[in-house]
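Architecture at a glance
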Amino acid sequence: MYRLTFFFILMVNTVTGQTYDMRNELVNRLHNAAEYTLAVLEKMPEQHLSFQPVEGVRTFAEIIQHIGESQLYTASQGIAVKQLKFKGKRNSKKDLKDFIEESYSLLFSALDKITDQDLQKKVRFWDGQASVFKIMNFTIDHVTHHRGQATIYLRMNGIKPPDYIGW
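Quick summary incoming for the structure in this document. (Residues numbered from 1 in each chain as written. Predicted model: local features only at pLDDT ≥ 70, side-chain atom pairs only at ≥ 80, totals over all residues. Heavy atoms only, no water.)

Details of the overall build of the protein chain
In terms of helices and strands, the protein chain carries 6 helices and 2 strands. Beginning at the N terminus, the succession of helices and strands in the protein chain can be written as α-α-α-α-α-β-β-α. For the protein chain, the residues scored as buried account for 41% of the 167 residues in total. When the accessible surface of the protein chain is totalled, it reaches about 10200 Å², and 55% of it is carbon and sulfur. (Helix = DSSP H or I, 4+ residues; strand = E, 2+ residues; numbered from the N terminus. Buried < 20%, exposed > 50% of the residue type's maximum accessible area, 1.4 Å probe, protein only. Areas by Shrake-Rupley, 256 points an atom, 1.4 Å probe, with all protein chains shown as cover.)

Pasting the structure below:
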């Protein structure tokens, strides 16, 4: 049954000429991620940016900083993207917002220069090889993980997180 369903989908796409555009899919997912990350940041009052639920874990501001820095680092394993280090004040929502916006802007600019064929290339990735597409999906997944932490921090401060932005 599964083979028949797969065959049918393949034939419909072949007959109708529809193709899967990996680069545009990533760009759309990143736009949603950027919008949602900024919405989560916007919800946290500036006086709570240093909130951490227990000693030894990142503060809310450190999570936001980590999202901006780590997404560029991870993506750089597969695409040519400039690295960025946060140089602002962690107690400034404006500094954090500007940093996240710049981080995503760098990713969008880098993705503008690549093709679906580039995304299919295999590159060295930590202890093995992965396609650039897989690295970019890992990058998005890593951001989702940390943004999830940030939304929990909002709840711990009695703040309703923004509605999910994903479609």
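As for the pattern of salt bridges
Applying the stated criterion across every chain, the model contains 6 salt bridges. In this structure, aspartate 98 engages lysine 94 in a salt bridge whose closest nitrogen and oxygen atoms are separated by 2.6 Å. Of this pair, aspartate 98 and lysine 94 both sit in helix H4 (residues 93-112), separated by 4 residues, roughly a single helical turn. (Salt bridge = Lys/Arg side-chain N within 4 Å of Asp/Glu carboxyl O.)

Digging into the side chain of threonine 37
Looking at the secondary structure, you find threonine 37 in helix H2 (residues 22-43). Look at threonine 37 and you get buried, because its relative accessible area is 1%. From its side chain, threonine 37 meets the backbone oxygen of alanine 33 in a polar contact 2.7 Å long. In this structure, threonine 37 is in contact with Ile67, Ile100, Tyr104, Val143 and Arg147, ignoring residues within four places of it in sequence. (Polar contact = N/O pair within 3.5 Å; in protein donor to acceptor, adjacent residues only side chain to side chain. Contact = heavy atoms within 4.5 Å.)

Re the pairing of strand S2 (residues 128-131)
Pairing geometry for strand S1 (residues 122-125) and S2, over 4 bridges, is antiparallel. Note that in S2 the partner of phenylalanine 125 across the bridge is glycine 128. Joining the antiparallel neighbours S1 and S2 is a turn of 2 residues, in which tryptophan 126 adopts a positive phi near 45°. (Pairing = 2+ DSSP bridges.)

With respect to the nonpolar core
Counting residues in each nonpolar core, the largest one holds 42 residues, and the members touching the most others are Phe60, Ile79, Tyr104, Leu107 and Met136. Contact partners of leucine 107, with chain neighbours within four places excluded, come to Leu30, Gln71, Leu72, Ala75, Ile79, Val81 and Met136. (Core = buried A, V, L, I, M, F, W, Y, C linked by side-chain atoms within 4.5 Å.)

Quick notes on a nonpolar patch on the surface
Judged by side-chain polarity, Tyr73, Trp126 and Phe138 come together as a nonpolar surface patch covering roughly 310 Å² of accessible area. Relative to the helices and strands, tryptophan 126 is located in the loop between S1 and S2. (Patch = residues over 30% accessible without salt bridge, like charges linked within 9 Å, V, L, I, M, F, W, Y side chains within 5 Å.)

Things to note about the packing of helix H3 (residues 60-75) against H4
Packing of H3 against H4 leaves a shortest axis separation of 10 Å and a crossing angle of 15°. Regarding the angle of H3 to H4, the classification is roughly parallel. As H3 runs across H4, the sense of the crossing is left-handed. Contacts between H3 and H4 involve Ala61, Ile64, Gln65, Ile67, Gly68, Glu69, Gln71, Leu72 and Ala75 on the former and, on the latter, Leu96, Phe99, Ile100, Ser103, Tyr104, Leu106 and Leu107. In terms of residue class, the contact of H3 with H4 is made up of 11 nonpolar, 4 polar and 1 charged. (Axes fitted to C-alpha atoms, helices over the stretch in contact; angles between N-to-C directions. Parallel < 35°, antiparallel > 145°, perpendicular 65-115°, else oblique. Left-handed = near helix turned anticlockwise from the far one by under 90°. Nonpolar A, V, L, I, M, F, W, Y, C, P; charged D, E, K, R; others polar.)

As for the packing of H3 against helix H6 (residues 132-156)
Where H3 meets H6, the closest approach of the two axes is 9 Å, and the angle between their N-to-C directions is 180°. Overall, the two elements H3 and H6 adopt an arrangement that is roughly antiparallel. Along its contact with H3, which presents Phe60, Ile63, His66, Ile67, Ser70, Gln71, Thr74 and Ala75, the element H6 presents Ile135, Met136, Phe138, Thr139, His142, Val143, His146, Arg147, Gln149, Ala150, Tyr153 and Leu154. In terms of residue class, the contact of H3 with H6 is made up of 11 nonpolar, 8 polar and 1 charged.

Here we look at H6
Between the first and last C-alpha of H6 there are 37 Å, a value that for 25 residues agrees with the 36 Å anticipated at 1.5 Å per step. In the stretch just after H6, glycine 158 is the one whose phi turns positive, near 75°. (Expected span 1.5 Å × (residues − 1).)

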